Amino acid sequence: MSKWGARFGLKLSRRTWIRLLGIVAVVATFVTVAVVVQGFDVKQTPVNNASLWVMQNGDGQRYAQVNADLQELDSVNKIEKPSFLVQSTDSVVVFSDGNSRLVNVNPAQPADFGDDPTKYESAPADTKVVQASGSTVAFLSGDGAVSVATIDAGKLGIPVTLNPENGPEAKDYVADAIAVGSDGMTYIYSAVDKKLRYYSSAEQKFTDARDIKNGPSKGDLQLTLAGNKWALLDKDSGKLWIDGPSSAVSIKEKVTSETELQAPTSQGDVVYLALKTGLVSVALSDGKQTFTEASGIPAQPREFKNEVFAAWLPAQGTSGTLLNATTSKSTSLSYNEKTPNTDPVPV
């Protein structure tokens with residue numbers, strides 16, 4: 001397959017251009033932020049892997065492999081209605097049809113999948129959220145069912161539905177938020193009993209449960225980790241429960257449905273929330289808040305080499321913002337003199 005050059009700094013170039021119709025893909029020190037506006041959706045990849053994997057869920061319906069060393073798009077393959085992508089150092093799993101189906105991609109020989117249903121496997125029913133770290137992949141369905149699978153030998157195993165209760169009288173377990181830590185542990189919050197549970201894929205069992213005092217009983221919830229400390233955000237109330245203080249912290253800035261709680265990090269003594277108006281850091285020890293102004297549609301803050309990066313991509317204008325939350329250094333993200341023709345979707 002012919003190579004498509006992908007000039008990362010702030011533009012895409014080659015003899016044949018990838019039509020920009022609104023795609024912006026920025027790789028800053030291998031921390032990726034992407035805009036999905038009829039364009040490629042770039043997912044974060046481990047830094048010891050020179051290949052980045054992207055997907056196009058607009059007109060093209062493709063996934064592609066990017067050589068980050070050569071700054072070239074190496075291969076482009078067809079896939080029907082891609083919706084999410086999970087990658088590790090030696091495996092790639094692409095979800096399609098709103099996360100209802102998936103394919104295991106051989107990174108050495110990426111193939112076309114197209115609209116042939118025999119090439120796809122079923123994902124857990126009604127998958128709403130997919131979280132992954134290392135070889136562990138967790139799924140949360142629209143009705144609150146949680147299942148976990150492990151990637152082994154480049155292939156995603158059969159997801160196992162989780163329930164802390166056993167026996168024929170056990171009720172269906174309903175969860176509201178999940179997160180996967182860097183240690184492969186899956187953290188699960190249920191608003192039904194206001195408990196946070198820990199599930200070990202290695203031991204194949206629940207290992208702990210914590211009562212969340214006055215925890216949320218409903219709402220738009222997000223769960224994350226900073227090392228072995230957890231944080232739970234209720235976007236509806238603007239409250240954040242953190243591992244340590246006995247009561248929830250009310251976020252001083254306005255929290256909306258577009259607010260993004262950070263992705264799990266391997267360490268840290270704060271957690272970050274990216275809002276449309278900027279970045280809030282909350283100390284895990286005492287809930288103290290610090291605010292840094294920014295504007296645009298926020299991407300989920302992510303860790304790279306023990307530092308956390310956040311980004312904002314405004315629909316108007318020709319550039320966004322990348323912020324190193326650890327050092328407070330800000331970098332402009334150029335749209336290559338283009339303007340999105342619809343709201344960008346950073347990831």
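Conventions we followed
Every chain's residues receive numbers from 1 upward, in the order its sequence appears when written. Totals for whole chains, interfaces and linings use all residues, but because this is a predicted model, local features are given only for residues with pLDDT of at least 70 and pairs of side-chain atoms are given and counted only at 80 or more. In computing side-chain properties, one takes all heavy atoms of the structure into account and sets aside hydrogens as well as water. What counts as a salt bridge is simple: a side-chain nitrogen of Lys or Arg found within 4 Å of a carboxyl oxygen of Asp or Glu. The numbering of helices and of strands both runs from the N terminus, where a helix is a DSSP run of H or I of at least 4 residues and a strand a run of E of at least 2. For every residue, the accessible area (1.4 Å probe, protein chains only) is compared with the maximum for its type, and the residue is labelled buried under 20%, exposed over 50%, or partly exposed between those bounds. A pair of strands is labelled paired if DSSP reports no fewer than 2 bridges between them. A pair of Phe, Tyr and Trp rings is counted when the ring centres sit within 6.5 Å of each other, with Trp represented by its six-membered ring. The angle between the planes then sorts it: under 30 degrees is stacked, over 60 is edge-to-face, the rest tilted. Confidence of the predictor in every single residue is expressed as pLDDT, which spans 0 to 100. Only heavy atoms enter the contact rule, under which two residues are in contact if any of them lie within 4.5 Å.

Describing the pattern of salt bridges
Then comes step 1: Under the counting rule described, the total for this entry stands at 9 salt bridges.
Then comes step 2: Lys195 serves as the salt-bridge partner of Asp211, at 2.5 Å between the closest nitrogen and oxygen. Here Asp211, found in strand S20 (residues 205-211), pairs with Lys195, found in strand S19 (residues 195-200); they are 16 residues apart in sequence, far enough to count as distant.
Then comes step 3: A residue is classified by how much of its surface remains accessible, and Asp211, at 59% relative accessible area, is exposed.
Then comes step 4: Taking relative accessible area as the criterion, Lys195 reaches 23% and is therefore assigned partly exposed.
Then comes step 5: Of the charged contacts in the structure, one is a salt bridge between Lys205 and Glu203, with a shortest N-O distance of 3.7 Å.
Then comes step 6: Relative accessible area serves as the criterion here: at 43%, Lys205 is assigned to the partly exposed category.
Then comes step 7: Within the structure, one salt-bridge network assembled from shared partners comprises Glu80, Lys81, Asp97 and Arg101.

Here we look at the pairing of strand S9 (residues 92-96)
Then comes step 1: Buried residues dominate S9, accounting for 5 of its 5 residues.
Then comes step 2: Side chains of S9 alternate between two faces, with Val92, Val94 and Ser96 and Val93 and Phe95 buried alike.
Then comes step 3: In terms of strand pairing, strand S8 (residues 82-87) meets S9 through 5 bridges, oriented antiparallel. Following the sheet pairing, Gln87 is matched in S9 by Val92.
Then comes step 4: Connecting S8 to the antiparallel partner S9 that follows it, the hairpin turn spans 4 residues.
Then comes step 5: Both S9 and strand S10 (residues 101-105) contribute to a ladder of 5 bridges, which runs antiparallel.

A short note on the sheet that holds strand S23 (residues 239-242)
Then comes step 1: Across the sheet, which stays open at both edges, the 4 strands sit in the order S21-S22-S23-S24 with antiparallel pairing between neighbours. Edge positions in the sheet fall to strand S21 (221-226) and strand S24 (249-250), since each has one partner strand and no second.
Then comes step 2: Where S23 and S24 come together, 2 bridges link them in antiparallel fashion. Along S24, the bridge assignment pairs Leu240 with Val249.

Quick word on the packing of aromatic side chains
Then comes step 1: Counted according to the given criterion, the structure contains 9 aromatic pairs.
Then comes step 2: With 6.5 Å between their ring centres and 80° between their planes, Tyr173 and Phe206 make a pair best called edge-to-face. With Tyr173 in the loop between strand S16 (160-161) and strand S17 (177-180) and Phe206 in strand S20, this pair connects stretches of sequence that are 33 residues apart.
Then comes step 3: For Tyr173, a relative accessible area of 11% corresponds to the buried category.

Here's the deal with the confidence of the model for the protein chain
Then comes step 1: On average, residues of the protein chain score 82 in pLDDT, and 80% of them reach the 70 mark or higher.
Then comes step 2: Note on residues 44-48: pLDDT is under 50 here. Beyond four places in sequence and across chains, it has 12 contacts.

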